[in-house]
Amino acid sequence: MTTDIRPLLVELLTEELPPKALQKLGQAYAEGVRATLARLGLLADGCVVTPYATPRRLAVHLSAVLAQAPDQAYTEKLMPAKVGLTEDGQPTPALTKKLAAKGLEHLTPDQLERESDGKQDYLVARGTAAGARLATGLQEGIQAATDALPIPKVMRYQLADGVSTVKFVRPAHGLIALHGADIVPVGMLGLQAGRLTLGHRFMSEGDIEITDADSYVSTLAERGHVIASFEARRDEIDRQLQAEASRLGATLGVDPEVAALLDEVTALVEHPTVYVGQFEEEFLQVPQECLILTMRLNQKYFPLFDPATGKLTHRFLIVSNMQVANPVNIVEGNQRVVRPRLADAQFFFQTDRKVPLAARVEQLGSIVYHNKLGTQLERVERVRAIARGVAEALGADVAASDRAALLAKADLGSNMVGEFPELQGIMGAYYAAGDGEPDSVVEALRTQYRNRYDAPVTRESLTAAVLFLAERAETLIGIWSIGLAPTGERDPFALRRAALGVISAFEQLAAGGWLKISEAGALSLDTLLDLAARSFPAGKIEAATVAEVRAFIFERYRNQLIGEYERNAVEAVIALTPPLHQVAERVRAVIAFEQMPEAASLAAANKRIGNLLKKAEGEIGAVDPARLTDAAEQALATAVAQLAPQAQAQLAAGDFAGNLRTLAQARGPVDAFFADVMVMAEDPALRANRLALLNQLHGLMNQVADLSRLAQ
């Protein structure tokens, strides 16, 4: 058979697709087609798959596709011979049905082989099947790709015949399927494949004919004014944005929202052109976060910033779907649209400023936090109680911490936060600053909603860290107590994020010197969670809730660390649930210990000791030196006595790596002990004494981590 390998293009032309899902839809559509064709053997070696996605089309180009897959040898185990054949060798109805189901109805009983599985003979069909044809495979592929699309919300619509109804994310108007220059006869959603498509909705006229698969991108660009590739379109928008910002002596900013907005506008345009707009400078008196949010969120504009100060300027960039010689109408139209929104923000800010932030706290009594946990005001009182306790433990300013907790949610009743919920905390900080609240309180309000702490806690940021911990502890304990722990992908109250936030705060408190690696610290996770539990009415929080939240936080820490460090080392440390601020340092010490030649032997011995101690009957007592009769056990007892003080001192100093290096010196006596001594001796007193010695050794070995977790 002559091999026919050509590029393949598939395009589905639609109404405007959901912009936030467009990139994923394009990638999923391409992968769905590719996977089916690959499974059927229709892709040639080295085939390159390129997805395309614009607001009105999903497409995929595959560089090397076979017209027909190679013939495939097959082996089908059908059924027991006694079931498939009558006594005179004729096929039974069961065999006939089975052969038809497998597409093998052309085979006769004489063409079937018999194989035994040791118990009975089976009928087996062997042969060579013709490879799949592209038309058949592609029909299956586009249907599978369409069915598997991650569609946010499907719609049902009626076809032109007025009878048929189909379901898809948006109405589809055209289908292209070209193998080289030839149309592949496939169909879907009431459409039959051809070679016609449409270009830009306003800059292109009439149908556009795609002559062959490889000319798709260039034809759409030249005749249709469409950049088919999502990535190429995004790069072009970014290039234009950077060029305009540079020309104006400004920047786009560095926050992640810039990249997210770039993806979104890429999904809104097919032929991007960037224009410059501006607004009255008087609006810059409004907190810039308000202006930035309304421009990005509502209008999809890119605000511009002064590179020297990082402050917002009165100019912004518009990504238009039209390229015109004179863009004055486009620019003025966008300026007219954004001006009322900025005026609204200005009005909300000025109106909110007339009421002191502290005066808004009482309003929280009418805002429900959760029907099982009361109002936001009740929640504020709980957070205040936790914050005071945390501040006392850390030596922070208790009054400032209490004040920050009191005002933390007060901006929920403001006009600005009512319009822009994303500005919670940020507006509270502006209003607090305007009211003359202490800088530490203002900083605490501004940063309370951050996901995690990523810088060492300083004296200036200590109040903020206190509020951060108090708010998350209250959330974790409260939400968990009413049965809303995360399940699978569901985590509506972001408890996983809260747990990681708590972990990061402990890490940065240690980095800032507020918690010392050498000490458990006045503030521990247990202390924090107990404070949170006691902030609720008596009897509201069960002891099991605190234990479960504690385990949940350690589990989140475990998952986070496994992404950075070797799994066994992480497991060994987390097994001891040490103070949170010591965990990472202990993991690094264990990893260093694992590189030592003594590590594997000691880890195996530790695991063996643990198993022996589980067999001990009753309480394990102290070691009686007089009963140490064997030279090997005497040597081990001496080693433990000599190494224990040094190891304890190193542990107390936070020298976890040194502690494990000291432990490594015990390898020789430990190996000799297990080689020469029968631990489970028949003499009960001798057995108990040897178990007591091993229990002493076990405690010495597992001060930094559970070393048995390192045993392979």
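The structure displayed is predicted, hence computed values, not measured ones.

## Concerning the layout of surface pockets
Empty pockets left among the atoms are what a rolling probe the size of a water molecule brings to light.
1) Next: For the largest pocket, the calculated volume is near 1200 Å³.
2) Next: In terms of lining, the largest pocket is formed by 32 residues, of which the most central are Asp-255, Pro-256, Glu-257, Leu-293 and Arg-296.
3) Next: Looking at the lining of the largest pocket, the elements that each hand over two or more residues are α1 (22-39), α7 (257-266) and α8 (288-299).
4) Next: Take the lining of the largest pocket: its biggest share by element is six residues, from α8.

## Let's talk about the UniProt feature "domain: DALR anticodon binding" (unreviewed entry) in the chain
1) Next: Mapped onto this numbering, the UniProt entry annotates "domain: DALR anticodon binding" (unreviewed entry) at residues 604-703.
2) Next: Helix makes up 70% of residues 604-703 and strand makes up 0%, while its end C-alpha atoms are separated by 16 Å.

## With respect to the pattern of salt bridges
1) Next: Taken as a whole, this structure holds 39 salt bridges when the rule is applied.
2) Next: Residues Asp-4 and Arg-6 are paired through a salt bridge, measuring 2.9 Å at the closest nitrogen-oxygen approach.
3) Next: Judged by relative accessible area, which is 28%, Asp-4 ranks as partly exposed.
4) Next: A relative accessible area of 22% means that Arg-6 is categorised as partly exposed.
5) Next: One salt bridge in this structure joins Glu-115 and Arg-126, with 2.4 Å as the shortest N-O distance. Placement of Glu-115 in strand β5 (residues 113-116) and of Arg-126 in strand β6 (residues 121-129) is noted, with a sequence separation of eleven residues between them.
6) Next: Here the salt bridges do not stand alone but share partners, grouping Arg-379, Arg-382, Lys-409, Glu-471, Arg-472 and Glu-474 into one network.

## Remarks on empty space enclosed by the protein
1) Next: All chains considered together, the criterion is met by two cavities of 30 Å³ or more.
2) Next: In this model, the largest cavity occupies a volume close to 40 Å³.
3) Next: Taken together, Gln-23, Gly-26, Gln-27, Pro-51, Tyr-52, Ala-53, Phe-230 and Glu-231 make up the lining of the largest cavity.
4) Next: Those elements that place two or more of their residues in the lining of the largest cavity are α1, β2 (49-54) and α6 (230-247).
5) Next: The residue makeup of the lining of the largest cavity, split by class, is four nonpolar, three polar and one charged.
6) Next: Estimated volume of the second largest cavity: approximately 30 Å³.
7) Next: Surrounding the second largest cavity, Gln-376, Arg-379, Val-380, Val-383, Ala-405, Ala-408 and Lys-409 form its lining.

## What to know about the pairing of strand β8 (residues 165-168)
1) Next: Only one face of β8 is buried: it carries Val-166 and Phe-168, and the other face, with Thr-165 and Lys-167, is open.
2) Next: Sheet topology places strand β7 (residues 155-158) next to β8; four bridges connect them, and they run antiparallel. Along β8, the bridge assignment pairs Gln-158 with Thr-165.

Analysis parameters
Residues numbered from 1 in each chain as written. Predicted model: local features only at pLDDT ≥ 70, side-chain atom pairs only at ≥ 80, totals over all residues. Heavy atoms only, no water. 1 Å grid on protein atoms, 1.4 Å probe; cavity = no way out; pocket = protein on both sides within 12 Å on 5 of 7 lines; lining within 4 Å. Points joined across faces, edges and corners; volume = space filled by probe spheres on them. Helix = DSSP H or I, 4+ residues; strand = E, 2+ residues; numbered from the N terminus. UniProt positions renumbered as here; feature names shortened; annotations may be inferred. Salt bridge = Lys/Arg side-chain N within 4 Å of Asp/Glu carboxyl O. Buried < 20%, exposed > 50% of the residue type's maximum accessible area, 1.4 Å probe, protein only. Nonpolar A, V, L, I, M, F, W, Y, C, P; charged D, E, K, R; others polar. Pairing = 2+ DSSP bridges.

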